[in-house]
Amino acid sequence: MTTRIPIPLIIVLTLMTTNCSSNSREFGKTPSGESVELYTLKNAKGAEAAISTYGGVVVSLKVPDRAGVLGDIVLGFDDFKGYLLPPPYFGALIGRYGNRIAHAKFTLDGVEYKLAKNDGDNTLHGGTRGFDKVIWKAKPGDGQSLELTYLSKDGEEGFPGNLSVTVVYSLTDNNELKIDYTATTDKNTVLNLTNHSYFNLAGQGEGDILAHQLTLNADRYTPVDKGLIPTGELRSVDGTPFDFRQPHAIGERIGSSDEQIVLGGGYDHNFILNRAGDVLSLAAKVTEAKSGRVLEVLTTEPAIQFYTGNFLDGTIHGKGGKVYGRRSAFCLETQHYPDSPNHPAFPSTELKPGATYHTTTVFRFSTGS
Ligand code: BGC
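Rules and cut-offs
- Residues numbered from 1 in each chain as written.
- Predicted model: local features only at pLDDT ≥ 70, side-chain atom pairs only at ≥ 80, totals over all residues.
- Heavy atoms only, no water.
- Pairing = 2+ DSSP bridges.
- Helix = DSSP H or I, 4+ residues; strand = E, 2+ residues; numbered from the N terminus.
- Axes fitted to C-alpha atoms, helices over the stretch in contact; angles between N-to-C directions.
- Polar contact = N/O pair within 3.5 Å; in protein donor to acceptor, adjacent residues only side chain to side chain.
- Contact = heavy atoms within 4.5 Å.
- Salt bridge = Lys/Arg side-chain N within 4 Å of Asp/Glu carboxyl O.
- Buried < 20%, exposed > 50% of the residue type's maximum accessible area, 1.4 Å probe, protein only.
- Near = heavy atom within 4 Å.
- Areas by Shrake-Rupley, 256 points an atom, 1.4 Å probe, with all protein chains shown as cover.

1. Regarding the sheet that holds strand β12 (residues 145-152)
Point 1. Judged by pairing direction, the sheet is antiparallel, and its nine strands sit side by side in the order β11-β12-β13-β14-β29-β23-β22-β17-β20 without closing on themselves. Pairing within the sheet leaves two strands with one partner each, and these edge strands are β11 (137-140) and β20 (248-249).
Point 2. Across two bridges, strand β17 (residues 213-216) lies against β20 in antiparallel orientation. Across the sheet, the residue bridging to L214 is H248, located in β20.

2. A short note on the sheet that holds strand β3 (residues 48-52)
Paired through backbone hydrogen bonds, the strands of a sheet run either parallel or antiparallel to each other.
Point 1. One open sheet accounts for five strands, arranged β1-β2-β3-β4-β5; its pairing is antiparallel. Bordering the open sheet on either side are β1 (24-29) and β5 (70-72), each of which pairs with just one other strand. Strand after strand, the sheet turns through a mean of 20° between neighbouring axes, direction not considered.

3. Some points on the side chain of T308
Point 1. Mapped onto the secondary structure, T308 falls in the loop between β24 (303-307) and β25 (316-317).
Point 2. A polar side-chain atom of T308 sits 2.7 Å from a polar atom in the side chain of N310.
Point 3. Residues within four places of T308 in sequence aside, it is in contact with I209, I250, I254, G266, Y267, R327, A329 and F330.

4. Quick word on the pairing of strand β13 (residues 163-171)
Consecutive side chains of a regular strand alternate in pointing toward one face of the sheet and then the other.
Point 1. Inspection of the sheet shows β12 paired to β13 by eight bridges, in the antiparallel sense. The residue bridging L151 from the neighbouring strand is S164, located in β13.
Point 2. If you look at the hairpin formed by β13 and strand β14 (residues 176-185), you'll find four residues sitting between the two strands, and N175 has a positive phi there, around 55°.

5. With respect to the pairing of strand β22 (residues 281-287)
Point 1. Note: β17 against β22, four bridges, orientation antiparallel. Within the sheet, the bridge partner assigned to Q213 lies in β22 and is T287.
Point 2. Relative to strand β23 (residues 293-299), β22 runs antiparallel, the two being bridged by six bridges. Looking at β23, one finds that S281 is bridged to T299.
Point 3. Where β22 folds back onto β23 in an antiparallel hairpin, the turn is made up of five residues, including G292, whose phi is positive at roughly 80°.

6. Quick notes on the pattern of salt bridges
Point 1. In total, this model carries 18 salt bridges according to the counting rule given.
Point 2. When the shortest N-O distance is used, the salt bridge between K187 and D154 registers 2.8 Å. Taken together, the residues span a long stretch of sequence, with K187 in the loop between β14 and β15 (189-190) and D154 in the loop between β12 and β13 at a distance of 33 residues.
Point 3. Taking relative accessible area as the criterion, D154 reaches 36% and is therefore assigned partly exposed.
Point 4. Residues R245 and D238 are paired through a salt bridge, measuring 2.9 Å at the closest nitrogen-oxygen approach.
Point 5. Given the relative accessible area of 55%, D238 is considered exposed.
Point 6. What you see here is one network of salt bridges that share partners, running through D219, D238, D243 and R245.

7. Comments concerning unusual backbone geometry
Across the chain, the bulk of peptide bonds are trans and the bulk of non-glycine residues have phi less than zero.
Point 1. The omega angle of the peptide bond from G95 to R96 is 0°, so this bond is cis rather than trans.
Point 2. In this fold, R96 is placed in the loop between β6 (92-94) and β7 (100-101).
Point 3. One non-glycine residue with positive phi stands out, namely Y89, at about 65°.
Point 4. Here Y89 is to be found in the loop between β5 and β6.
Point 5. With a phi close to 65°, L228 is a non-glycine residue in the positive phi region.
Point 6. Among the secondary structure elements, L228 is positioned in the loop between β18 (220-222) and β19 (235-236).

8. Focus: the site of the ligand
Point 1. Residues in contact with the ligand, as listed here, are P88, Y89, R100, H125, H196, Y198, L228, D268, Q305, Y307, F311 and E333.
Point 2. Separating an oxygen atom of the ligand from a side-chain N or O atom of R100 is a distance of 2.7 Å.
Point 3. One of the side-chain N or O atoms of Q305 is found 3.1 Å from an oxygen atom in the ligand.
Point 4. In isolation the ligand offers 310 Å² of accessible surface; the protein chains occlude 94% of this area.

In structure tokens:
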């Protein structure tokens, strides 16, 4: 016996299915009229990550607390227009070169390349229009992953080579946001890709992060000058406020008179990870007592920038109208050392034609007691 389904019902059912699988919506339009999409990834446990094609921004990331209640733990904006304002780089993909390049220039193969000075005398996060401000081409996966691609043309922001970049975000059933970065070039170039999410494990806009406990798998860090450019020294963290080899509250030593803390206005430093080769290994762990949320950061990168939102000053009102005050979030940006193109002794950030750049970073969420 065949059951006849009335045609109007078929239409409704088709629309519903289309809607479920599409998991995207228009987030807004750029000033030049380009459409920006927002993709939502969901895993089997109900965790959610919303990612924008503008800047590859992680707009929201909802993970459970110890009672199983989902909370959005990254800073950002409800309205796309927020992302067009001068950048704190909330949630964005950063390139071509994450962090600073001194005096906005570097020399490669005997040629000097000049970049934009967008941070005093230096280049920060790729220049005036870095990867955080471009529109990425999106290819959704199975509802739990999203592939973003971008072709950065030879000479863009002053960098050599046509650079073809692919970033894949995956939200695993283990409550991990995994980011895979791949790139190839047709000319020798330098690059340092990262993601600039601002985390507050108590929930975005829920006060400062000073009581969060941090562990960093780093014996050394790169001290900076007053422009936050590494001096070249690799300094031991031993006996300093930079020693997070055992868990410490982020705020415990942030007011110290240590010269480096003063220069950074808090923590804004590159930590050199203890690791054996390029394998994915644990770089950092952060716990927040009230929510019970735990974040572990694993990476194949040699270093991590720990930044405590020192430049946030309460003027930004983010999602749900929350005021983002000083130190209301922390960033753990997996990366190569800042200003590496000007420091031959640092691990190289060069990419040559024929080679493939590939790095992986995992933000793993769980809950503890
Ligand atoms: C830098 C900070 C900077 C912030 C941008 C971080 O990666 O280390 O110095 O202010 O990005 O908002």
